[in-house]
Amino acid sequence: MKVLLFTGLGALFFAYYWDDNFDPDSLQGARVLLTGASAGVGEELAYHYARLGARLVLTGHTEVLVQKVVGNCRKLGAPKVFYIAADMASTEAPERVVRFALEMLGGLDYLVLNHIGATPAGTRAGTPQGTRWLIQVNFLSYVQLTSLALPSLTDSKGSLVVVFSLLGRVPASFSVPYSAAKFALESFFGSLRRELDVQDVNVAVTMCILGLRDRASAAEGVRGVTRARAAPEPKAALAVVRGGATRASGVFYPWRFRLLCLLPGWLPRPRAWFIRQELNVTAAAAA
């Protein structure tokens, strides 16, 4: 019965949201600042934007990795690609990154926030110092970057694209500090969307919920804890690009995450059942 219910509702919402009216030409010459671009989904985002002719400023923690991505973007046809290495754990980094992007591109059409700082799965609660680090990287730096870029995005009627996690919508076990930071993101950008709307500011806010990243570091962090399969990064990245370009309010990849987020708090059993299917509770509890 549960399988039939999920299948029917999933098919309904999949059909409803399938037509996104994506026009690849809309990204030709677009000015994009992309964070977390050195690997994983961020790297694939950079390659998609490069193929579509966007002008890019890329940032990441490890300079040599960002340089490699920059070189590949140039080979893929990006008209302009710049980079700046930055550690978002530093409170000075967001201002330096946005100032650099505005100088290099003359303004912004897209701010794509993708960087993360993670803890190993199985962590119930971290140290105060570790939690402060997570909040700075996963939340406060997002707020700083957005605040600094918003005037330019307002001028260009641009888009904020925020890549975050299912853990920002659905409470889950064994990821307390990380989940808290992601819930803060959901609240901040949800409220910002409402504020921009009532002030008639034409800046889109697209929240992108992605599954487990299929990169070595992500897989190692959840080894033995989750049964979930990793989302193919090129496909997940393309879903983000399409959602941002069409100014969608939300992107879910894989699509079943939309269904899970629609289950309200007063239906705890279906939501708990869904989560338990992808979590190896015994292994996580032992961590």
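Treat the numbers as computed from the prediction; the structure is a model and nothing was measured.

The rules behind each value
Residues numbered from 1 in each chain as written. Predicted model: local features only at pLDDT ≥ 70, side-chain atom pairs only at ≥ 80, totals over all residues. Heavy atoms only, no water. Helix = DSSP H or I, 4+ residues; strand = E, 2+ residues; numbered from the N terminus. Contact = heavy atoms within 4.5 Å. Axes fitted to C-alpha atoms, helices over the stretch in contact; angles between N-to-C directions. Parallel < 35°, antiparallel > 145°, perpendicular 65-115°, else oblique. Left-handed = near helix turned anticlockwise from the far one by under 90°. Nonpolar A, V, L, I, M, F, W, Y, C, P; charged D, E, K, R; others polar. Salt bridge = Lys/Arg side-chain N within 4 Å of Asp/Glu carboxyl O. Buried < 20%, exposed > 50% of the residue type's maximum accessible area, 1.4 Å probe, protein only. Expected span 1.5 Å × (residues − 1). Arc of directions from axis to C-beta. Core = buried A, V, L, I, M, F, W, Y, C linked by side-chain atoms within 4.5 Å. pLDDT = per-residue confidence, 0-100. Phe/Tyr/Trp six-rings, centres within 6.5 Å; stacked < 30°, edge-to-face > 60°.

1. Comments concerning the environment of Ala46
Within the secondary structure layout, Ala46 lies in helix α2 (residues 40-51). For the pair formed by Ala46 and Ala237, sequence separation is 191 residues and the distance between their alpha carbons is 8.9 Å. The contacts of Ala46, once residues within four sequence positions are left out, are Leu34, Leu56, Leu58, Val69 and Cys73.

2. Some points on the packing of α2 against helix α8 (residues 233-245)
Close contact between α2 and α8 brings their axes to 8 Å; oriented N to C, the two are set at 60 degrees. Regarding the angle of α2 to α8, the classification is oblique. For the crossing formed where α2 meets α8, the hand is right-handed. Facing α2, whose interface residues are Gly40, Val41, Glu44, Leu45, His48 and Tyr49, α8 presents Glu233, Pro234, Ala237, Leu238, Val240 and Val241. Tallied by class, residues from the contact of α2 with α8 come to eight nonpolar, two polar and two charged.

3. Here's the deal with the pattern of salt bridges
Following the criterion strictly, the structure yields three salt bridges and no others. Where Lys68 meets Glu43, a salt bridge forms, and the shortest distance between an N and an O atom there is 3.5 Å. Highlighted residues: Lys68 in helix α3 (residues 63-75) and Glu43 in helix α2, separated in sequence by 25 residues. On the accessibility criterion, Lys68 (42% relative accessible area) is partly exposed. Where Arg99 meets Glu95, a salt bridge forms, and the shortest distance between an N and an O atom there is 3.2 Å. You can see Arg99 and its partner Glu95 sitting in helix α4 (residues 93-105), four residues apart, about one turn around the helix. Judged by its relative accessible area of 42%, Arg99 falls in the partly exposed class.

4. So, unusual backbone geometry
What you tend to see is this: most non-glycine residues have negative phi, and most peptide bonds are trans. Although it is not a glycine, Lys157 adopts a positive phi angle of roughly 55 degrees. Notably, Asp200 is not glycine yet its phi reads approximately 55 degrees, a positive angle. Looking at the element boundaries, Asp200 is found in the loop between α6 (176-198) and β6 (204-210). Given a relative accessible area of 70%, Asp200 falls into the exposed group.

5. Digging into α3
Between its terminal C-alpha atoms α3 stretches 19 Å, which fits the 18 Å expected from 13 residues at 1.5 Å a residue. Of all the positions in α3, only Val66, Val69, Val70 and Cys73 are classed as buried. End-on view of α3: buried residues confined to an arc of 105 degrees, all on one side of the axis. Exposed residues pointing more than 90 degrees away from the buried face of α3 are listed as Val64 and Lys75. Buried residues along α3 sit in contact with α2, β2 (55-60) and β3 (81-85).

6. Remarks on the environment of Arg193
Inspection of the secondary structure puts Arg193 in helix α6. A relative accessible area of 23% places Arg193 in the partly exposed class. Considered as a pair, Arg193 and Thr206 are 13 residues apart in the sequence and their alpha carbons are 9.1 Å apart. The contacts of Arg193, once residues within four sequence positions are left out, are Val205, Thr206, Met207 and Ser249.

7. Notes on the nonpolar core
Within the largest apolar cluster, 35 residues are counted, with the highest numbers of intra-cluster contacts made by Leu27, Val32, Leu45, Tyr49, Leu56, Leu58 and Cys73. Every element with two or more residues in this core is listed here: β1 (31-34), α2, β2, α3, β4 (110-113), β5 (159-165), β6 and α8. Non-local contacts of Leu56, meaning those with residues more than four positions away in its chain, are made with Val32, Ala46, Tyr49, Ala50, Cys73, Lys80, Val81, Phe82 and Leu105. In this structure, Leu33, Ala101, Tyr142 and Leu185 belong to the second largest nonpolar core, which totals 33 residues.

8. Concerning α2
Spanning 12 residues, α2 covers 17 Å between terminal C-alpha atoms, matching the ideal 16 Å at 1.5 Å per step. The buried fraction of α2 amounts to 11 of the 12 residues, a majority that puts the element mostly inside the structure. Looking at the buried positions of α2, the neighbouring elements they touch are β1, β2, α3, β4, β6 and α8. The first or second residue beyond α2 is Gly53, which carries a positive phi of 85 degrees.

9. What to know about the confidence of the model for the chain
Chain-level pLDDT for the chain is 81 on average; 69% of the residues reach the 70-or-more range. Every residue in residues 214-228 is under pLDDT 50, and counting partners more than four places away or in other chains gives 32 contacts. Low pLDDT, under 50, characterises residues 283-287; the predicted model gives this stretch 11 contacts beyond four residues in sequence or across chains.

10. Examining the packing of aromatic side chains
Within the structure shown, the criterion is met by three aromatic pairs. Seen in terms of ring centroids, Tyr49 and Tyr110 are 6.4 Å apart; in terms of plane orientation they differ by 45 degrees. Their pairing is tilted. Placement of the pair is Tyr49 in helix α2 and Tyr110 in strand β4, with a sequence separation of 61 residues. Accessibility assignment for this pair places Tyr49 and Tyr110 in one class, buried. Their ring planes at 90 degrees and their centres at 4.9 Å tell us that Phe188 and Phe189 sit as a pair that is edge-to-face. One aromatic cluster in this structure is built from Phe139, Phe188 and Phe189.

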